[in-house]
Amino acid sequence: MRLRINTARRRAQESYLRQQRFVNDVSHELRTPLTIIRGYVDLLEACGTSDPEIFKEAVTSIKTSAQNMQNLVESLLFLARADDGDQPLTKVPVDLDELLKRFVEAYRSPRVEISKLTHCRILGDGEFLKKMFAAFVDNAIRYSPPATPVKIELTTVDNFALLQIIDRGIGIAKEDCGKIFDRFYRTDKARTKTEGNETSVGLGLAVAKWIADNHDIEISVKSKPGEGSTFTLKIPTI
Ligand code: ADP
């Protein structure tokens, strides 16, 4: 009896701590864009709109900060619904090569190229799968130098499709590779790189992982700091 009470008490404590950490993380992530918006609004109030350069800088920064807050809220809503079991997937047979081609066309970045494309068919929800691709490709772009390409390769082995997203960016230290799928986790290098222009909040891979788990997709990461990263998705074919 005492054991059961202790276990219940420990669980309640853990849940409370998790909630507290979550509120801390969200508050922390919202504080930066809100401070930037407040700062530029104060500046515009003091200087007026007569200086076109200041005006342009203010509008750009306010827009980026608002976009970041919107991304944060959208990812939080996605994960909250996922936790509640309220994120219904509609799985149908999908030609993965076609879906990838359409995704890359819509992504509209000259840096993203498909270097191998093998025909294969999987069972999945196209919209969710595209959201998952976007998380990996956004990161590959964000964490690599502007001129370097991001390659996508689709091959097949046995009854699986292997989708690789390859970048030549800052890479990820070995000890971080297992943590990057945790909510709000960002490596120190990534924090420094995006400082002041925070386009990352550390939720993209948590969302991608949820989508992968719900499609029985295995994710693996190979990375070398300073050389780049390769994310491989092993997807069951039909
Ligand atoms: P974020 O919004 O910060 O990019 P993610 O959940 O997508 O959040 O990624 C978590 C962290 O994993 C990033 O902050 C970064 O430290 C690391 N990361 C993910 N993808 C890459 C990559 N391709 N190259 C280097 N670091 C990466």
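Right above here is the structure, for reference.
Residues numbered from 1 in each chain as written. Predicted model: local features only at pLDDT ≥ 70, side-chain atom pairs only at ≥ 80, totals over all residues. Heavy atoms only, no water.

### What to know about the overall build of the chain
Counting secondary structure elements, the chain contains seven helices and seven strands. Listed by position from the N terminus, the elements making up the chain come as α-α-β-α-β-β-α-β-β-α-α-α-β-β. Over its C-alpha atoms, taken along the principal directions, the chain stretches across nearly 65 × 65 × 35 Å. Looking at the chain as a whole, 37% of its 238 residues are labelled buried. Considering only contacts within the chain whose residues lie at least 6 apart along the sequence, 72% involve residues at least 24 apart. Counting every atom, the chain has about 14500 Å² of accessible surface; 52% of that belongs to carbon and sulfur. (Helix = DSSP H or I, 4+ residues; strand = E, 2+ residues; numbered from the N terminus. Buried < 20%, exposed > 50% of the residue type's maximum accessible area, 1.4 Å probe, protein only. Contact = heavy atoms within 4.5 Å. Areas by Shrake-Rupley, 256 points an atom, 1.4 Å probe, with all protein chains shown as cover.)

### A short note on the packing of helix H3 (residues 96–107) against helix H4 (residues 126–142)
Between H3 and H4, the least distance of the axes is 11 Å, while the angle of their chain directions is 55°. With respect to H4, the element H3 is oriented oblique. Between H3 and H4 the crossing geometry is right-handed. Residues Leu-96, Leu-99, Leu-100, Phe-103 and Tyr-107 of H3 form the contact with H4, whose own contacting residues are Gly-126, Leu-129, Lys-130, Phe-133, Ala-134, Val-137, Asp-138 and Ile-141. Residues belonging to the contact of H3 with H4 are distributed by class as follows: 10 nonpolar, one polar and two charged. (Axes fitted to C-alpha atoms, helices over the stretch in contact; angles between N-to-C directions. Parallel < 35°, antiparallel > 145°, perpendicular 65-115°, else oblique. Left-handed = near helix turned anticlockwise from the far one by under 90°. Nonpolar A, V, L, I, M, F, W, Y, C, P; charged D, E, K, R; others polar.)

### Quick word on the site of the ligand
If you check the shell around the ligand, you find 21 residues, and the closest are Asn-139, Arg-142, Tyr-143, Thr-187 and Leu-205. Contact distances for the ligand include 2.8 Å between an oxygen atom and a side-chain N or O atom of Asn-139. In the environment of the ligand, an oxygen atom lies 2.8 Å from a nitrogen or oxygen atom belonging to the side chain of Tyr-143. Burial of the ligand by the protein amounts to 98% of the accessible area it has alone, namely 540 Å². Mapping the ligand onto the cavity grids shows that it belongs to the largest pocket. Put simply, the parts of the chain that give the shell around the ligand at least two residues each are H4, helix H7 (204–213) and strand S7 (228–236). Here the element with the most residues in the shell around the ligand is H4; it accounts for three residues. (Near = heavy atom within 4 Å. Polar contact = N/O pair within 3.5 Å; in protein donor to acceptor, adjacent residues only side chain to side chain. 1 Å grid on protein atoms, 1.4 Å probe; cavity = no way out; pocket = protein on both sides within 12 Å on 5 of 7 lines; lining within 4 Å. Sits in = over half its atoms within 2 Å of the grid points.)

### Regarding the pairing of strand S3 (residues 121–124)
Side chains Ile-122 and Gly-124 of S3 all project onto a buried face; the interleaved residues Arg-121 and Leu-123 project onto a face where none is buried. By the bridge criterion, four bridges tie strand S1 (residues 92–95) to S3 in an arrangement that is antiparallel. When the bridges of S3 are listed, Pro-93 appears paired with Leu-123. (Pairing = 2+ DSSP bridges.)

### A look at the packing of H4 against H7
As a packed pair, H4 and H7 sit with axes 9 Å apart at the nearest point and diverge in direction by 145°. Two packed elements cross with a definite hand, and for H4 against H7 that hand is left-handed. The residues of H7 that touch H4, namely those facing Phe-128, Leu-129, Lys-131, Met-132, Ala-135, Phe-136 and Asn-139, are Gly-204, Leu-205, Val-207, Ala-208, Trp-210, Ile-211 and Ala-212. Each residue belonging to the contact of H4 with H7 can be placed in one class, and the counts come to 11 nonpolar, two polar and one charged.

### Looking at the packing of aromatic side chains
What describes a pair of aromatic rings is the distance from one ring centre to the other and the angle between the planes of the rings. Following the criterion strictly, the structure yields seven aromatic pairs and no others. Pairing Phe-78 with Trp-210 gives two aromatic rings, centres 5.6 Å apart and planes at 85°, and the pair type is edge-to-face. Taken as a pair, Phe-78 in helix H2 (residues 52–83) and Trp-210 in helix H7 lie far apart in primary sequence, 132 residues in all. For the pair Phe-78 and Trp-210, a shared accessibility class is recorded, and that class is buried. Here Phe-136 and Phe-231 contribute two aromatic rings whose centre-to-centre distance is 5.4 Å and whose plane-to-plane angle is 50°, an arrangement assigned as tilted. Placement of Phe-136 in helix H4 and of Phe-231 in strand S7 is noted, with a sequence separation of 95 residues between them. Overall, the relative accessible area of 7% leaves Phe-231 in the buried class. In textbook terms, an aromatic cluster arises when at least three aromatic residues are bridged by ring pairs, as seen for Phe-78, Phe-128 and Trp-210. Just above the ring of Phe-160 sits the side chain of Lys-234; from NZ or CZ to the centre is 4.4 Å. (Phe/Tyr/Trp six-rings, centres within 6.5 Å; stacked < 30°, edge-to-face > 60°. Lys NZ or Arg CZ within 6 Å of the ring centre and 35° of its normal.)

Function cannot be read off these values alone, since they describe shape.
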